[in-house]
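Breakdown of the fold
One letter stands for each residue in the lines below.
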Amino acid sequence: MEEKSRLSRLTAILTQLQSKRILTAREIAEKHNVSIRTIYRDIRTLENSGIPIITEEGKGYSLMDGFNLPPVMFTEKEANALITAEQLILKNKDKSFAIEYQNAVAKIKSILRHSQKEKIEFLSERIHFRNNTENQKTSGYLMIIQSAISDFNLIEIEYLSLQGENTKRTIEPFALYSTQENWLLIAVCRLRKDFRVFRLDNIQKLIVKNQYFEPQKITLQEYFEICREKYLTTPDTPLS
């Protein structure tokens, strides 16, 4: 029974390593509820069996890029759609559903290229869901904006404000969040020289420019904390 359990864990660790660019021994140990020393032994076992595991001192473990890469390939937008769905499912009230979906997505992530894994890991930190009871589709720019966020591409938009004002903006996309009524884009507006929030259904035209910007140093959570301090709430209404 113990040997079978270890074999299952070794297989799961291999899938886990394939699903993320780099993992620490602590992350793996916590996932499988074993000691870090046990994970060290498991990693050595995998290495001795011919699995090309790369050890990065002070960082963790990763698999050699291209190892056991299945023939199924995902486009960047398809990979982004997966990570967006994962963030939504994690908000589901049924714990078993969320866990099983995470396990399924981990297997899907395992076949992504390293460059795709880096982007979806970054994107997962820049998506936040709040509550679209009517399940209405109100915009068509989400996937394009996701790529611009993870590629640090400037975006040019024509925007119709809630007050009926038409403006053209060049923005640095920062993050996305959903109130389940609308998708909203948090971005640095170069016209206003500050963060602004744009409703995707109010964007009349969007062009991703072949120009790059320096990413903001703050996290999405830190942005929300700043908003709470300034406005005593997170911004549910656009500040554009």
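Along each chain, the written sequence defines residue order, and numbers are assigned to residues from 1. It should be noted that, the model being predicted, local features are given only for residues of pLDDT at least 70 and side-chain atom pairs only at 80 or more, the latter also being counted only at that level, while totals for whole chains, interfaces and linings use all residues. Excluded from the side-chain calculation are hydrogens and water; included are all heavy atoms of the structure.

Before going further, it helps to spend a moment on the environment of Leu90. Of note, Leu90 is situated in the loop between helix H4 (76–89) and helix H5 (95–109). Each C-alpha atom, one on Leu90 and one on Gln102, is 8.1 Å from the other, the two residues being 12 residues apart in sequence. When neighbours within four sequence positions are excluded, Leu90 is seen to be in contact with Ala98 and Gln102. Here a helix means four or more residues in a row that DSSP labels H or I, a strand means two or more in a row labelled E, and each is numbered from the N terminus. The criterion used for residue contact is that any of the two residues' heavy atoms lie within 4.5 Å.

This next bit is on the environment of Ile111. Inspection of the secondary structure assignment puts Ile111 in the loop between H5 and helix H6 (114–124). Accessibility expressed as a relative area gives 15% for Ile111, which makes it buried. When the C-alpha positions of Ile111 and Phe74 are compared, they lie 8.5 Å apart, and in sequence the two are 37 residues distant. The cut-offs for exposure are 20% and 50% of the maximum accessible area for each residue type, with area from a 1.4 Å probe on protein chains only; residues under the lower value are buried, those over the upper are exposed, and the others partly exposed.

Direction of pairing for strand S1 (residues 53–56) relative to strand S2 (residues 60–63): antiparallel, over a ladder of 4 bridges. Residue pairing across strands places Ile54 opposite Ser62, the latter belonging to S2. The turn linking S1 back onto S2 is made up of 3 residues, and Gly58 within it adopts a positive phi angle of 80 degrees. Note on pairing: two strands pair once DSSP finds at least 2 bridges between them.

Bringing the packing of helix H2 (residues 25–32) against helix H3 (residues 36–48) into the picture now. In contact at an axis separation of 9 Å, H2 and H3 are set at 105 degrees when each is read in the N-to-C sense. Here H2 is positioned roughly perpendicular relative to H3, judged by the angle of their axes. Contacts from Ala25, Arg26, Ile28 and Ala29 in H2 reach Ile36, Ile39 and Tyr40 in H3. Residues of the contact of H2 with H3, tallied by class, amount to 6 nonpolar, no polar and 1 charged. Helix axes are fitted only over the stretch in contact, all axes being lines through C-alpha atoms; the angle between N-to-C directions runs from 0 to 180 degrees. Comment on the angle field: the value is read as roughly parallel under 35 degrees, roughly antiparallel over 145, roughly perpendicular from 65 to 115, and oblique elsewhere. Under the convention adopted here, Pro, Cys and the residues Ala, Val, Leu, Ile, Met, Phe, Trp and Tyr are nonpolar, Asp, Glu, Lys and Arg are charged, and Gly plus all remaining residues are polar.

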